[in-house]
Amino acid sequence: YHGVPNTLMSRQGEPTNAVFGFASMLLNALRERQPSCALVAMDVGRSFRHEEAKEYKAHRPDMPDDLKPQIARARDFLEALRIPIIGIEGWEADDIIGTVAEQAKAQGAEVLIVTGDTDAFQLIDDNVTVLTSGRRFSDPVVYDRQAVEARYGLTPEQLVDYKALVGDKSDNIAGVRGIGDKSAGELLRRFGTLEAIYEHLDEVGNTRARNALTGSEEDARKSKYLVTIRRDVPLELDLEKCALGQGDAQELEELFRELDFRTLLPRATELTEGSQLAFFEEGPAPASASAQEGSAYEVVDTVEGLKALGRLLSDSPAVAVDVESDSLDPMTTGLVGISLAHEEGKGYYIPIGHRSDERNLPLTQVVSELGPALTRPGGCRVAHNSKFDYQILGRHGLHPGGPEFDTMVAEWLLNPEARALGLKAMAWSRLGIEMTPITDLIGTGKKQISMAEVGVEEAAAYAAADADVTLQLMPILERELREREQWGLFTEIEMPLVPVLADMEAVGVHIDSEYLGTFASELDERLVAITSEIQLLAGYDLNVNSTQQLSELLFTQLKLPCARLKRTSSGHFSTSAEVLEGLRGEHPVVDLILEQRQLAKLKSTYVDALPSLVNPATGRVHTSYNQTATVTGRLSSSEPNLQNIPIRTELGRQVRRAFTAAPGNLLIGADYSQVELRILAHVSQDPRMLEAFAKGLDIHASTASATYGVSLEEVTSDMRRVSKTVNFAVIYGVSAFGLARQSDLNQRESQVFIDAYFRNYPEVAEYIRRTKEAVAEMGYVETLLGRRRYFPQLTGRSRLSRVQRAEAERAAINMPIQGTAADIIKLAMISLHRELKERGLRTRMILQVHDELVLEGPEDEVEVVSPLVREIMEGAFSLDAPLKVDLAVGKNWLDTK
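Residues numbered from 1 in each chain as written. Predicted model: local features only at pLDDT ≥ 70, side-chain atom pairs only at ≥ 80, totals over all residues. Heavy atoms only, no water.

**Examining the overall build of the protein chain**
Okay, so step 1: Of the regular secondary structure elements, the protein chain holds 35 helices and 22 strands.
Okay, so step 2: Every one of the 897 residues in the protein chain was classed for burial, and the buried ones make up 52%.
Okay, so step 3: Counting contacts in the protein chain only where the partners sit at least 6 residues apart, residues at least 24 apart contribute 67% of the total.
Okay, so step 4: Positive and negative charge centroids in the protein chain, built from 96 and 134 side chains respectively, lie 5 Å apart. (Helix = DSSP H or I, 4+ residues; strand = E, 2+ residues; numbered from the N terminus. Buried < 20%, exposed > 50% of the residue type's maximum accessible area, 1.4 Å probe, protein only. Contact = heavy atoms within 4.5 Å. Lys, Arg positive; Asp, Glu negative; His and termini not counted. Charge placed at Lys NZ, Arg CZ, Asp CG, Glu CD.)

Quick look at the structure:
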């Protein structure tokens, strides 16, 4: 429970960290140690030690709420493996282990104890060893007699006496006050046992130790009694009932699917394949079914077959579509084949671009015969990661309607924290189907081939299964979407957004590569100058890109504060951005290092990289918008990431100048003004905040006026700047410590400011309180449009540190605000995309950066499009603090701000 991060949860929000760690260690031990028998001992209540010593473990907190259900899951896991569980009232698991070890030895067995408790070391002898965690949870160590003696300088038998002397804080066992590890070891190495020490107390040469022992014999003997593992528990070990090989493979797979333990199943399965250990009763039968078993998958490689398929799909209420391509770049990839499914267990594969295969059908024929079936009104088109498929199909002349259902988007909407959104992972967790990985067809590394080089029959079985499984997932996901009240969000926002994003990616953005080349030279000059300044301040030459050399400079040569800093694996103090930000103002070299890193990153990430990313066919850069990458609903972009270009620095803003309109065109930049603060005013219903927005006041100046107790005219730029920081920080549940790091205020001043802020905006404080209460009760928060994010770790009592709880609560406070802002701009994008098309305008959206949209269009459309953009964005959603859009036109992105 303490060895695996408590963020590990199942798809349903069930905590799984403890049972995952337990299952992982047990499976590894079974695989590596190859035992013939196994059993597990568990505590079932209070033991005789609790009754005889009231202080025994008295300081231990109650079991956390998120651990209790995992005990039951661990039992389910053991039951599936048919490994017996022994728990006896009045005895501890350690006593059961000690007794079982004794009886097993008597029956001629070698014994391995797997435990995280070093108390078990006292049981080690020539026939008993202990496997326990090493420095890392995943790095176990086996202790035998020699290993114990090497670590403690004592025999395993002496460890009981050792614990009796030094005590055990974890069990609240006192030991002898004043006797530490060193003196306990010396005493036992000389006298052998606790009893012998007291028999020869006058021979103890260490006066301090002798004084500590004097008068403490009763405490020492009581401690020894409590730490001694008993070996006389009333039980009879039957090794035959502990024999491995009785497990139920199907039961284990079903449990692992419920817990989302896909990575653990192969560990269990491989134990049945070529291993001496027969793990399950029927040998090496994997628990998972193949997607192909019992399925009817056909290759459609004739015109007659294609026509028949077109007629069949025309009458089908839902059709799953999946494409096979020769690369992952939708703008350049070739179409290798199309797979389709219209009912469970049936799938069709149409080869189009396989090399050295005469079964390919002409693309024009495929488009002609399938186009009507895939574009007809009333049909439901289903796909997994549909944006990719539909971009490729569109580039090749096939423009299916929809998509109406994307299984990846549906799963993400249901489980926004989910890491495994791939079709293979969902097939296993949702359907119990273990699908063929793509690497089985195309290989890996240098020997990897493209799908175009795979044979048609092989590709057909793989691709048709993808379409078949996608179709099978749809009703399951639809039912859950409706049950969790996410269906409207899915059908009205997320699915209509897919073609919008696909079109934006296809249009791309124009880049001024010549300008970036000049800018790169300027940055190179500044980087050389900064390096010289750093070396001048250091007094010697050093590599500014070496973290070790920088650490040496900052903390050894310049002796900057490092008391609370962590060391890296190399033993040097960290020079991370967070550390350097905390050292600002301590020495001029710190600011120079930060500037050097910022410029180097800006240059490598954007200035140097963007020209190389220009598509030679379009002359533009095409980013990829990720719809399922965040937990709040915000879009992200990658390859390249155009949402992370710094805007607060002058040099960062200069990168935006490189994003230009094509000749004859202009860019229109439209940015929601303080949208998150307007949402905060709406959800909190704070009258002062609502009034400020209603009057069109500068909200940051208004906050400064209220908080500092001055008139609006008296607000200074510094007051406004601090208030702006607080306004936005409150949305993220900032603490006084956090505000101090973001502003020029110290922590005490920050707390005073926050207190004053909440006095002036009391309903904001009330919103935060309500949100914490709601998430603790329901386990989730939601946006104004109903998007949910789950926080099961905030319900009940769980293993959360104060810092972890505060972080989770900040996220819960922020999500309804940031998530609503994400929902609103998505609504605006959908409406704007539709209006531009319906009006026959050539202007297109080309960029979305959080609360900002950028469009590109002919100069003669600007006067028509600009008011349309404002109207649609400001009318996307009704708030009590009305939406407002700042809009500007220019030849480049910088000019539109």
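**Quick look at the packing of helix H28 (residues 687-694) against helix H29 (residues 699-708)**
Okay, so step 1: Following both chains from N to C, one finds H28 and H29 inclined at 140°, their axes separated by 10 Å at the closest point. By the angle class used here, H28 and H29 are oblique. Between H28 and H29 the crossing geometry is right-handed. For the pair formed by H28 and H29, the contact residues are Arg 688, Met 689, Ala 692 and Phe 693 on the first element and Ile 699, Ser 702 and Ala 706 on the second.
Okay, so step 2: Per-class residue counts for the contact of H28 with H29 are five nonpolar, one polar and one charged. (Axes fitted to C-alpha atoms, helices over the stretch in contact; angles between N-to-C directions. Parallel < 35°, antiparallel > 145°, perpendicular 65-115°, else oblique. Left-handed = near helix turned anticlockwise from the far one by under 90°. Nonpolar A, V, L, I, M, F, W, Y, C, P; charged D, E, K, R; others polar.)

**Notes on the packing of aromatic side chains**
Okay, so step 1: For the structure shown, the criterion picks out 19 aromatic pairs.
Okay, so step 2: Between Phe 20 and Phe 261, the aromatic rings sit 5.1 Å apart at their centres with planes inclined by 75°, giving edge-to-face as the arrangement. In this pair, Phe 20 is assigned in helix H1 (residues 17-33) and Phe 261 in the loop between helix H11 (249-259) and helix H12 (265-270), connecting sequence segments 241 residues apart.
Okay, so step 3: Put simply, the rings of Phe 20, Phe 22, Phe 77, Phe 256 and Phe 261 touch in pairs and so form one group of aromatic residues.
Okay, so step 4: Geometry around Phe 48 places Arg 230 over its ring, the cationic atom sitting 5.0 Å from the centre.
Okay, so step 5: Over the ring of Trp 893 we find Arg 656; its NZ or CZ atom is 3.9 Å from the centre of that ring. (Phe/Tyr/Trp six-rings, centres within 6.5 Å; stacked < 30°, edge-to-face > 60°. Lys NZ or Arg CZ within 6 Å of the ring centre and 35° of its normal.)

**Brief notes about empty space enclosed by the protein**
Okay, so step 1: Per the stated rule, a full pass over the model turns up six cavities of 30 Å³ or more.
Okay, so step 2: Its boundaries defined by the atoms lining it, the largest cavity holds a volume of some 60 Å³.
Okay, so step 3: For the largest cavity, the full set of lining residues is Val 500, Asp 503, Met 504, His 833, Leu 836, Lys 837, Arg 844 and Met 845.
Okay, so step 4: Mapped by element, the contributors of at least two residues to the lining of the largest cavity are helix H20 (487-507), helix H34 (802-838) and strand S20 (844-849). (1 Å grid on protein atoms, 1.4 Å probe; cavity = no way out; pocket = protein on both sides within 12 Å on 5 of 7 lines; lining within 4 Å. Points joined across faces, edges and corners; volume = space filled by probe spheres on them.)

**Quick word on H29**
Okay, so step 1: When you tally the buried positions in H29, you get nine out of 10 residues, the bulk of the element.
Okay, so step 2: Turning to H29, its buried residues are Ile 699, His 700, Ala 701, Ser 702, Thr 703, Ala 704, Ser 705, Ala 706 and Thr 707.
Okay, so step 3: Residues of H29 that are buried sit in contact with helix H27 (675-684), H28, helix H30 (717-731) and helix H32 (747-760).
Okay, so step 4: The N-cap of H29, judged by a side-chain oxygen 3.0 Å from the amide nitrogen of His 700 a few residues on, is Asp 698. (Polar contact = N/O pair within 3.5 Å; in protein donor to acceptor, adjacent residues only side chain to side chain.)

**Details of the sheet that holds S20**
Okay, so step 1: An order of S20-S21-S17-S22 is seen for the four strands of this open sheet, with the pairing classed as antiparallel. Edge positions in the open sheet fall to S20 and strand S22 (885-890), since each of these has one partner strand only. On average, each strand axis in the sheet is inclined to that of its neighbour by 20°, with strand direction left out of account.
Okay, so step 2: As paired strands, strand S17 (residues 665-672) and strand S21 (residues 852-858) are joined by seven bridges and run antiparallel to one another. If you follow Ala 670 over to S21, its bridge partner there is Leu 853.
Okay, so step 3: Where helix H35 (residues 862-874) meets the sheet, its contacts fall on S17, S21 and S22, and the angle it forms with S22 comes to roughly 160°. (Pairing = 2+ DSSP bridges.)

**Quick look at the pattern of salt bridges**
Okay, so step 1: Summed over all chains, the structure comprises 62 salt bridges.
Okay, so step 2: For Arg 73, the salt bridge is made with Glu 14, and the minimal N-O distance between the two is 2.7 Å. Residue Arg 73 is found in helix H3 (residues 68-81), and its partner Glu 14 is found in the segment before H1; the two are separated by 59 residues along the sequence. Considered together, Arg 73 and Glu 14 belong to a single accessibility category, that of buried residues.
Okay, so step 3: A salt bridge links Glu 766 to Arg 769, with the shortest nitrogen-to-oxygen separation between them at 2.4 Å. (Salt bridge = Lys/Arg side-chain N within 4 Å of Asp/Glu carboxyl O.)

**Side note on the nonpolar core**
Okay, so step 1: Counting 138 residues, the largest nonpolar core has Phe 659, Tyr 672, Leu 680 and Met 829 as the members making the most contacts within it.
Okay, so step 2: Per element, the largest residue contribution to this core is 11 residues, and it comes from H34.
Okay, so step 3: Ala 41, Phe 121, Ile 197 and Val 233 belong to the second largest nonpolar core, which has 45 residues in total. (Core = buried A, V, L, I, M, F, W, Y, C linked by side-chain atoms within 4.5 Å.)

**Digging into helix H4 (residues 93-106)**
Okay, so step 1: Taking 1.5 Å per residue as the helical rise, H4 with its 14 residues ought to reach 20 Å, and the 20 Å between its terminal C-alpha atoms agrees with that figure.
Okay, so step 2: For H4, the set of buried residues is Ala 93, Asp 94, Asp 95, Ile 96, Gly 98, Thr 99, Val 100, Ala 101 and Ala 104.
Okay, so step 3: Against the buried residues of H4 lie strand S1 (40-41), helix H2 (48-52), strand S2 (85-86), strand S3 (111-114) and strand S4 (128-133).
Okay, so step 4: Downstream of H4 by a residue or two, Gly 108 has a phi angle that is positive, lying close to 85°. (Expected span 1.5 Å × (residues − 1).)

**Observations regarding the sheet that holds S3**
Okay, so step 1: The sheet built from three strands is open, its strands ordered S3-S4-S5 with mixed pairing. Both outer strands of the open sheet, S3 and strand S5 (140-143), are each paired with one neighbouring strand and no more. Sheet twist, expressed as the mean angle between neighbouring strand axes with direction ignored, is 25°.
Okay, so step 2: Summarising the sheet, S4 and S5 pair through four bridges and their orientation is antiparallel.

**A short note on the pairing of strand S7 (residues 318-325)**
Okay, so step 1: In terms of residue burial, S7 counts as a mostly covered element, since eight of its eight residues are buried.
Okay, so step 2: Judged by which residues are buried, S7 turns out to be covered on both faces: Ala 318, Ala 320, Asp 322 and Glu 324 on one side and Val 319, Val 321, Val 323 and Ser 325 on the other are all buried.
Okay, so step 3: The sheet contact formed by S7 and strand S10 (residues 380-383) spans three bridges and is parallel. Within S10, the position partnered with Ala 318 by the bridge is Cys 380.
Okay, so step 4: Taken together, the six bridges between S7 and strand S8 (residues 335-343) define a ladder with antiparallel strand orientation. Bridged to Val 321 within S8 is Leu 340.

**Some remarks on the side chain of Asp 161**
Okay, so step 1: Checked against the element boundaries, Asp 161 lands in helix H6 (residues 159-166).
Okay, so step 2: If near-sequence neighbours (up to four positions away) are discounted, Asp 161 is found in contact with Leu 188, Thr 193, Leu 194, Glu 195 and Lys 224.

**Here we look at the packing of H27 against helix H33 (residues 762-778)**
Okay, so step 1: Here H27 crosses H33 at 80°, and the two axes come no closer than 9 Å. For the element pair H27 / H33, the angle class is roughly perpendicular. Here Leu 680, Val 683 and Ser 684 of H27 come into contact with H33, specifically with Glu 763, Val 764, Tyr 767 and Arg 770.
Okay, so step 2: Looking at the contact of H27 with H33 residue by residue, the class counts come to four nonpolar, one polar and two charged.

**Quick word on a nonpolar patch on the surface**
Okay, so step 1: A contiguous nonpolar surface patch, about 180 Å² in accessible area, is contributed by Leu 112, Val 114 and Val 142.
Okay, so step 2: By the secondary structure assignment, Leu 112 is in strand S3. (Patch = residues over 30% accessible without salt bridge, like charges linked within 9 Å, V, L, I, M, F, W, Y side chains within 5 Å. Areas by Shrake-Rupley, 256 points an atom, 1.4 Å probe, with all protein chains shown as cover.)

**Focus on the confidence of the model for the protein chain**
Residues shown with low pLDDT carry predicted positions that ought not to be read at fine detail.
Okay, so step 1: Here the protein chain averages 89 in pLDDT, while 96% of its residues score no lower than 70.
Okay, so step 2: Counting contacts from residues 283-292, a segment whose pLDDT is below 50, to residues more than four positions away or on other chains yields 31 contacts. (pLDDT = per-residue confidence, 0-100.)

**So, unusual backbone geometry**
Okay, so step 1: Each neighbour pair has its own omega, and for Glu 639 with Pro 640 the value is 0°, a cis peptide bond.
Okay, so step 2: With respect to the helices, strands and loops of the structure, Pro 640 is situated in the loop between strand S15 (636-638) and helix H26 (650-656).
Okay, so step 3: In this structure, Asp 260 is a non-glycine residue whose phi angle is positive, near 60°.
Okay, so step 4: In this structure Asp 260 comes out as partly exposed when scored by relative accessible area, which is 28%.
Okay, so step 5: One non-glycine residue, Glu 639, adopts positive backbone phi at about 50°.

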